[in-house]
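Each chain, written out:
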Amino acid sequence: MKRIIDTENINIIGPKIKEARVEAGMSQKELSEKLELMAVYTCRGSISRIENGKRAITDIEIDAISKILNVSLDFLFGRE
């Protein structure tokens, strides 16, 4: 299957997730643990890859992360 995205990064919200996570004073491991409590199983390594734009992120993960970090979807997508 050909890759549709024509850039090195696989997602566009990774840096904003990292920004919000750091602002919340939360480690990647803590974020992973909080996601698990919401039945969204994303390991610490996957969070690192998401933040670095090297892993795609699902809509379920995006929604859960926005709730945990208390940020809007518009913030994550850079629209505010």
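Below, the structure is looked at part by part.

Conventions adopted
- Residues numbered from 1 in each chain as written.
- Predicted model: local features only at pLDDT ≥ 70, side-chain atom pairs only at ≥ 80, totals over all residues.
- Heavy atoms only, no water.
- Buried < 20%, exposed > 50% of the residue type's maximum accessible area, 1.4 Å probe, protein only.
- Helix = DSSP H or I, 4+ residues; strand = E, 2+ residues; numbered from the N terminus.
- Contact = heavy atoms within 4.5 Å.
- Patch = residues over 30% accessible without salt bridge, like charges linked within 9 Å, V, L, I, M, F, W, Y side chains within 5 Å.
- Areas by Shrake-Rupley, 256 points an atom, 1.4 Å probe, with all protein chains shown as cover.
- Salt bridge = Lys/Arg side-chain N within 4 Å of Asp/Glu carboxyl O.
- Polar contact = N/O pair within 3.5 Å; in protein donor to acceptor, adjacent residues only side chain to side chain.

Details of helix H3 (residues 44-51)
Item 1. Along H3, six of the eight residues are buried, which leaves the element largely enclosed by surrounding structure.
Item 2. When we look at burial in H3, the residues that qualify are Gly45, Ser46, Ile47, Ser48, Ile50 and Glu51.
Item 3. Buried residues belonging to H3 abut helix H1 (14-23), helix H2 (28-37) and helix H4 (59-69).

Thoughts on the environment of Glu19
Item 1. On the secondary structure map, Glu19 appears in helix H1.
Item 2. Sequence separation between Glu19 and Leu76 is 57 residues, and the spatial gap between their C-alpha atoms is 9.4 Å.

A short note on a nonpolar patch on the surface
Item 1. A cluster of nonpolar side chains, contributed by Ile12, Leu73 and Phe77, occupies part of the molecular surface with about 290 Å² of accessible area.
Item 2. Relative to the helices and strands, Phe77 resides in the segment after helix H5 (73-76).

A few points about H4
Item 1. Restricting attention to buried positions, one finds in H4 the residues Glu61, Ile62, Ala64, Ile65, Ser66, Ile68 and Leu69.
Item 2. Buried-residue contacts for H4 involve H1, H2, H3 and H5.
Item 3. Phi turns positive, to about 55 degrees, at Asn70, one or two residues after H4.

Some words on the pattern of salt bridges
Item 1. Taken as a whole and assessed by the stated rule, the structure comprises seven salt bridges.
Item 2. Between Lys54 and Glu8 there is a salt bridge, and its shortest N-O distance comes to 3.4 Å. Here Lys54 is found in the loop between H3 and H4, whereas its partner Glu8 is found in the segment before H1, with 46 residues between them in sequence.
Item 3. Look at Lys54 and you get partly exposed, because its relative accessible area is 41%.
Item 4. Exposure remark for Glu8: the relative accessible area of 65% places this residue in the exposed category.
Item 5. Measuring nitrogen to oxygen at the nearest pair gives 2.6 Å for the salt bridge that ties Glu51 to Arg21. Placement of the pair is Glu51 in helix H3 and Arg21 in helix H1, with a sequence separation of 30 residues.

Describing the side chain of Glu51
Item 1. On the accessibility criterion, Glu51 (5% relative accessible area) is buried.
Item 2. Within polar-contact distance, the side chain of Glu51 engages the side chain of Arg21 at 2.6 Å.
Item 3. Discounting residues that sit within four places of it in the chain, Glu51 has contacts with Gly14, Pro15, Ile17, Lys18, Arg21 and Gln28.

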